[in-house]
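# Descriptive structure summary
Now for the letters of each chain:
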Amino acid sequence: MLVDRFGRSIDYLRLSVTDRCDLRCSYCIPKGFRGFEEPQDWLTFDEIERLLAVFVRLGTRRVRLTGGEPLLRRNLPQLAGRLSALPGLQDLSLSTNATQLGKHAGALRAAGVDRINVSLDSLDRACMQQITGRDSLQPILDGLMAGKAAGFDPIKINMVAMRGVNDGQIEDMAAFCIEQQFMLRLIEAMPMGATGRNAQYMPLADVRERLIARFGLVAQAQELGGGPARYLATPDGRASIGFITPMSQHFCASCNRVRLSVDGTLYLCLGQEEKFEFGPMLRAGASDAELEMAIRTAIELKPQQHDFNTQPHKIVRFMAQTGG
């Protein structure tokens with residue numbers, strides 16, 4: 001197992017397959033940004049499979065495909081099939097904005113993707129256009145329904161709560177997710193780059209109380225997944241709502257994840273600068289033993305916690321550059 005210097009088992013890797021996206025969400029990619037990684041610098045599918053095979057041999061049990069928007073990476077179901085076949089990998093999932101999901105849902109499910117998370121910050125068309133930079137609501141809803149028809153379970157909806165933007169729409173989103181049997185996860189905005197710092201951060205404590213009062217939510221009887229969300233359930237137990245609070249109630253002491261960017265840079269924390277570059281090693285012909293040693297070295301760099309609250313201007317890279 002990979003264990004960092006603070007005793008945390010690191011068994012979860014978020015793999016970015018592209019830093020590009022067809023949306024321009026206000027808290028993620030700066031409007032007009034053009035500084036994306038060049039395709040020749042992206043890890044190839046062969047390089048990804050080789051590196052992840054080493055991670056899995058060292059105890060990585062869960063991999064999530066992310067971006068940018070991962071469905072913009074050509075032949076992604078092919079990569080998913082190769083990764084799902086790695087001996088020892090127990091869970092392969094996908095984070096997406098779902099605009100392209102209608103075209104790929106069946107192939108991804110057949111390739112071994114078990115679960116999907118979909119970014120959806122509002123059910124109001126005008127609000128979604130304001131947040132994402134285009135008229136995106138209907139394509140996302142169509143993709144969601146395609147994912148449901150393909151048999152993904154669970155489907156999680158990630159909603160970034162932003163004061164003065166969508167904070168008055170949270171109850172509507174919760175009702176929609178309960179009706180559709182999606183799992184809603186509300187997320188506090190993080191100061192990742194200038195976009196994140198301008199995202200009208202709001203703590204979720206009051207929202208939690210509002211939803212308890214509206215839907216009669218109760219403590220979740222069982223833990224859901226290995227992530228940071230803290231869940232409440234509807235009284236009948238048929239639906240759950242999670243709260244991800246990296247700012248107001250951080251979960252650094254139990255952090256179990258690292259992020260591999262599209263060019264092979266491993267980021268050890270969203271809110272710190274520690275990183276390790278695997279791209280040059282792979283292209284210089286490093287052996288599996290050398291990669292294993294490098295992974296162990298990289299995990300030792302993982303910091304104890306982020307500094308988002310004390311140094312909100314510290315991280316200049318934005319979320320899509322880090323890998324979701």
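Provided above is the structure to which this section pertains.
No experiment lies behind these values; they were computed from the predicted model shown. (Residues numbered from 1 in each chain as written. Predicted model: local features only at pLDDT ≥ 70, side-chain atom pairs only at ≥ 80, totals over all residues. Heavy atoms only, no water.)

### A look at the overall build of the chain
On a plain count of helices and strands, the chain comes out with 11 helices and 12 strands. Taken over the C-alpha trace, the chain has a radius of gyration of 19 Å; the compact-globule value for 324 residues is 20 Å, and the two agree within 12%. With the C-alpha coordinates of the chain rotated into their principal frame, the extents come out at 55 × 45 × 45 Å. Evaluated residue by residue, the chain yields a buried proportion of 56% over its 324 residues. Carbon and sulfur atoms make up 49% of the accessible area of the chain, which totals about 13,700 Å². Computed over 38 positive and 36 negative side-chain charges, the separation of the two mean positions in the chain equals 1 Å. (Helix = DSSP H or I, 4+ residues; strand = E, 2+ residues; numbered from the N terminus. Rg over C-alpha atoms; globule rule 2.2 N^0.38 Å. Buried < 20%, exposed > 50% of the residue type's maximum accessible area, 1.4 Å probe, protein only. Areas by Shrake-Rupley, 256 points an atom, 1.4 Å probe, with all protein chains shown as cover. Lys, Arg positive; Asp, Glu negative; His and termini not counted. Charge placed at Lys NZ, Arg CZ, Asp CG, Glu CD.)

### Regarding the pairing of strand S8 (residues 230-233)
As paired strands, strand S7 (residues 218-219) and S8 are joined by 2 bridges and run antiparallel to one another. Following the sheet pairing, Val218 is matched in S8 by Ala233. Pairing between S8 and strand S9 (residues 240-244): 4 bridges, direction antiparallel. Residue Arg230 lies in a different strand from S9, and its bridge partner there is Phe243. Counting the residues in the hairpin turn of S8 and S9 gives 6 residues, including Gly237, whose phi is positive at 75°. (Pairing = 2+ DSSP bridges.)

### Here's the deal with the pairing of strand S6 (residues 183-188)
Within S6, 6 of the 6 residues are buried, which leaves the element mostly enclosed by the surrounding structure. Going residue by residue along S6, you find Met183, Arg185 and Ile187 tucked away on one face and Leu184, Leu186 and Glu188 tucked away on the opposite face as well. Inspection of the sheet shows strand S5 (residues 155-161) paired to S6 by 6 bridges, in the parallel sense. Counterpart to Ile157 in the pairing with S6 is Leu184.

### A short note on the pattern of salt bridges
Across all of its chains, the model carries 12 salt bridges by this definition. The residue Arg82 makes a salt bridge to Glu49 at a minimum N-O spacing of 2.7 Å. Note that Arg82 is positioned in helix H2 (residues 76-84) and Glu49 in helix H1 (residues 45-57), a separation of 33 residues in sequence. Judged by its relative accessible area of 24%, Glu49 is partly exposed. Linking Asp288 and Arg50 is a salt bridge whose minimum nitrogen-to-oxygen distance equals 3.0 Å. Here Asp288 is found in helix H10 (residues 288-300), whereas its partner Arg50 is found in helix H1, with 238 residues between them in sequence. Each of the salt bridges in this network shares a partner with another, and the network as a whole consists of Asp46, Glu49 and Arg82. (Salt bridge = Lys/Arg side-chain N within 4 Å of Asp/Glu carboxyl O.)

### As for helix H4 (residues 125-132)
Of the residues making up H4, those classed as buried are Cys127, Met128, Ile131 and Thr132. Looking down the long axis of H4, one finds its buried residues gathered within 115° of arc, a one-sided arrangement. Exposed residues pointing more than 90 degrees away from the buried face of H4 are listed as Arg125, Ala126 and Gln130. Against helix H5 (137-150) lie the buried residues of H4. Backbone geometry just downstream of H4 places Gly133 in the positive-phi region, at approximately 85°. (Arc of directions from axis to C-beta. Contact = heavy atoms within 4.5 Å.)

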